[in-house]
Every structure is written in structure tokens, then in C-alpha cells.
Amino acid sequence: MTQHAPIKTSQATALARPRLGFLGVGWIGRHRLQAMMGTDAVEVAAIADPSPDMAAEAGKLVPEATRVSSLDDILDLGVDGVVIATPSAMHAEQSIRALERGAAVFCQKPLGRNAKEVEAVVDAAHRADRLLCVDLSYRFTDGMRRIREIVASGELGHVYAVDLVFHNAYGPDKPWFYDPALSGGGCVMDLGVHLVDLALWVLDNPGIGPVSGKLFAAGRPLKDTASQVEDYAVATVETDTGAVVQLACSWKLQAGCDAVIAATFYGTQGGVSLRNVNGSFYDFTAERYWGTSREMLATPPDEWGGRAAADWASRLAAGERFDPAARELVTVARVLDRIYGR
């Protein structure tokens, strides 16, 4: 979401340490739990996971939390917010159920498998007047924050080209990722969602023009997105500002390193770029370009992974309710739908 000024007391009443329930406490769920606990602004009231081992690991972090077996059990405790880290096919339905019971929601991406699902969740958040955020964590890297500030300042002139890359030398280790009915898609849904979100966020959410994409599976053009997911994709997104966004993403690419991640914005008076360091998934530099010269904007270390989660928890504790910026999630989902040709 976009950055916000402190909310006025007339708009919302701050809660006394909102009580949270965590649905799904695998590695990501536990990491986000720790990030939220680190704010000292919330209380972990309940945890639920179908794996007894995962639930036990989370229980070590919060022994005072109630161990329950389902989302309904969490909601029956009257929690103020729910943190969802379950398989993608469940995100929309679980988010809507939580919102309709009056709980704010922080969900892993994607919020839905298509734009229709995402829009239904955002509409539910609007009706319930509850804070809805998705874990679009790359927005919270030091480098992307600096890049957005520079683009917004106008110092780059007219930004007309954006190049985005996210190649992962590995692939997901859970079978549901490879079933389009459960995942909604392959590497575009998993990695491309971050790229599209970053581009539109930095460009201040322009209108979307023509979108084209080409999907591959095992080195061949993907024929049927209903039965198979893509492991390589390229796409072009045109905006109403005249900027053209090009992206490429993949799983299991022969890239010579763990990952290739970059987001570069070119303007008439300069450029800015975020790039991962030595194939890392976590370490990034950000640079500013003028012709053949460059300036370093951000370097590792940067503990950014849990910042989106901590931000939601802090905003919830401050009494924030529905944020209209959640509509940006629908725009991103519509772009993904068009890359998939649906």
C-alpha cells in the first residue's frame, strides 16, 4: 500500500494491543509472527496449522497463545486481526470469512487466484471497514523506498521504461503450486505479482493500457493454463503515462546462481535500479544512474523481510480501518489476468 500520514483520532480509535490469530505457521507464518511480536503493539492470541509440528514450533515462540484447529476457532475467540499464510487457493475465501466476522486481515500473496477473487476480498474489507494488507514485502526494502522517493520527486524526468526480472533457480517444494486450480498460475502468480506491484507502486498507480505475455513450461510454449503452470514468462505492460513495463520471471532457470532479481526505472534525466547481490534472495543494492555515472543509494545489510507484517500490525494498533489503497491489489491482479490471457 502507499505510505500514509498518521491517522486522525476522529477517524479511528486506537486499540489496546490488538489480539491476533495466525492461520498457517510454516516458515513464512512464523517469521511474520516474530516480526509482528517485535513491534510490541499486538498480542498473539491463537495459532492454527494442520501440521502438529509447525504448530508446535510456533507454540515455542508464543506459549501463551491458544492452539486451535481452524479459522473458525480463531474467529470464535474474537480476535481483532487474522494473519493468513495458507495455500493460495484458500486466501480469498479465508480472508472474506475473517473480514465478515470483523477481523482485519494480513495475507500472503496472492490475495486471490484471479482479479475476481481479489476484488471480492477488497469489497469485503470495504464493507467491514477493516484494514486489509498483503505481504508485498519488496516494497519495504531500503532500496525500493529510495527509488520510489526519487521517481516521485520528478528528478528522473519522464519515466518511460521499466525493466523487471525475478528468476529463481529453484521451484516451489509443495505440489499445490503446480496445480493451476490451487495456485492460480505458476511463476507469474508466485514471482511476477511482486514485479507488477513494484512497477505500479513506484509509478504512482497509472492506468493500464495493452498487456501481452508469453508463457512457457519446460522450455516450450504453454498450451493450456487450465492444466499446467508456467515456469518461464515474459510480458509487456503499457501504461497511460507512456511508460512501458517489461518483465521476465521464472522457476528453475539455469541462471548460474540462486536468483536474479532486478527492478530498473529509466527516465529522460536518469535512472534508478534495485539489484540482488551475488544471487542472493535477501541482499540488495540500489543505484542511481546519470549517463555512464552511478551513485549508490542503498546497500546490505537490510532486515526488510518482516517489515510489511510489522507495518500492518502497527497500523492496526493505531486504529486504522479500511485503506482505499487496497484497490491497487485489484489492478495488479487484473494485469496478471491479462498476462495469462484470461
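Before reading further, recall that the structure is shown in the block above.
Reference entry: report on the structure contained in this document. (Residues numbered from 1 in each chain as written. Predicted model: local features only at pLDDT ≥ 70, side-chain atom pairs only at ≥ 80, totals over all residues. Heavy atoms only, no water.)

### Here we look at the sheet that holds strand S5 (residues 104-107)
Selection rule: Paired strands, in this sense, are two strands between which DSSP finds at least two bridges. Secondary structure elements follow DSSP: runs of H or I of four or more residues count as helices, runs of E of two or more count as strands, with numbering from the N terminus. Interaxial angle, 0 to 180 degrees, is taken between N-to-C directions of lines fitted to C-alpha atoms, where a helix line uses only the stretch in contact. By the convention used here, residues are in contact when the closest approach between their heavy atoms is within 4.5 Å.
Taken in spatial order, the six strands of this open sheet run S3-S2-S1-S4-S5-S6, and their pairing is parallel. Taken across any chain shown, the strands that pair with only one partner, and hence form the sheet edges, are strand S3 (66-68) and strand S6 (132-134). Within this sheet the neighbouring strands show an average axis-to-axis angle of 20°, counted without direction. Inspection of the sheet shows S5 paired to S6 by three bridges, in the parallel sense. Note that in S6 the partner of Phe-106 across the bridge is Cys-133. With respect to the sheet, helix H1 (residues 27-37) is in contact with strand S1 (19-23), strand S2 (43-48), strand S4 (81-84) and S5, its orientation differing from that of S1 by roughly 165°.

### Side note on the layout of surface pockets
The condition is simple: With a 1 Å grid spanning the protein atoms alone, the term cavity applies to any set of points in which a 1.4 Å probe fits but cannot get out, the term pocket to an open set with protein on both sides within 12 Å along at least five of seven lines, and the term lining residue to any residue with an atom within 4 Å of a point. Grid points are joined across faces, edges and corners, and a volume is the space filled by probe spheres set on the points. Under the scheme applied here, ten amino acids are nonpolar (Ala, Val, Leu, Ile, Met, Phe, Trp, Tyr, Cys and Pro), four are charged (Asp, Glu, Lys and Arg), and all others, including Gly, are polar.
Within this model, the largest pocket holds a volume of roughly 1,600 Å³. Those elements that place two or more of their residues in the lining of the largest pocket are H1, helix H4 (88-100), strand S7 (159-168) and helix H8 (187-202). For the lining of the largest pocket, the per-class residue count stands at 20 nonpolar, 20 polar and 10 charged.

### Looking at empty space enclosed by the protein
A complete count under the given rule lists three cavities of 30 Å³ or more for this structure. Lining the largest cavity are 17 residues; nearest its centre among them are Leu-111, Val-118, Val-193, Leu-329 and Ala-333. Looking at the lining of the largest cavity, the elements that each hand over two or more residues are H8 and helix H10 (327-339). For the lining of the largest cavity, the residue count by class is 11 nonpolar, two polar and four charged. Taken as a whole, the second largest cavity encloses approximately 50 Å³ of empty space. For the second largest cavity, the full set of lining residues is Tyr-138, Phe-166, His-194, Leu-195, Leu-198, Ile-261, Ala-262, Ala-263 and Leu-274. Counting residues per element, the ones that place at least two in the lining of the second largest cavity are H8 and strand S12 (259-267).

### So, the packing of H1 against helix H2 (residues 52-61)
This is how it is decided: When an angle is under 35 degrees it counts as roughly parallel; over 145 it counts as roughly antiparallel; between 65 and 115 it counts as roughly perpendicular; any other value is oblique. In this scheme, a crossing is called left-handed if the near helix is turned counterclockwise away from the far one by less than a right angle; it is called right-handed if the turn is clockwise.
Running from N to C, H1 and H2 cross one another at 15°; their axes reach a closest spacing of 10 Å. Between H1 and H2, the angle is such that the two are roughly parallel. Judged by the twist between their axes, the crossing of H1 over H2 is right-handed. On H2, the residues that touch Arg-30, Leu-33, Gln-34 and Met-37 of H1 are Met-54, Glu-57, Ala-58 and Leu-61. Per-class residue counts for the contact of H1 with H2 are five nonpolar, one polar and two charged.

### What to know about the pairing of strand S15 (residues 293-298)
It is a general feature of regular strands that their side chains alternate between the two faces of the sheet. Two elements, strand S14 (residues 284-290) and S15, share five bridges in a ladder whose sense is antiparallel. Counted as the bridge partner of Trp-290 is Ser-293 from S15. Here S14 folds back onto S15 in antiparallel fashion, the turn holding two residues, of which Gly-291 has a positive phi close to 55°.

### Describing the nonpolar core
Our working rule: Nonpolar cores are built from buried Ala, Val, Leu, Ile, Met, Phe, Trp, Tyr and Cys residues. Side-chain atoms within 4.5 Å join them into one set. Per-residue accessibility, obtained with a 1.4 Å probe over protein chains only, is compared with the maximum for each type, and a residue is labelled buried under 20%, exposed over 50%, and partly exposed between these values.
By size, the foremost hydrophobic cluster in this structure holds 54 residues, and its most contacted members are Met-144, Ile-147, Cys-249, Phe-265 and Ile-339. Take this core: its biggest share by element is 12 residues, from H8. If near-sequence neighbours (up to four positions away) are discounted, Met-144 is found in contact with Tyr-138, Arg-139, Leu-198, Trp-201, Val-202, Ala-263, Phe-265 and Leu-274. If you look at the next biggest cluster of nonpolar residues, it comprises 32 residues, including Leu-23, Ile-74, Ile-96 and Val-105.

### Quick notes on the packing of helix H5 (residues 115-128) against H10
The packing of two helices is summarised by the inter-axis angle and the distance between the axes. One way to put it is that H5 packs onto H10 with a least axis distance of 8 Å and a crossing angle of 175°. As judged from the angle between their axes, H5 and H10 are roughly antiparallel. Residues Ala-115, Val-118, Glu-119, Val-122, Asp-123 and His-126 of H5 form the contact with H10, whose own contacting residues are Arg-327, Leu-329, Val-330, Ala-333, Arg-334 and Asp-337. Here the contact of H5 with H10 is built from residues that sort into six nonpolar, one polar and five charged.

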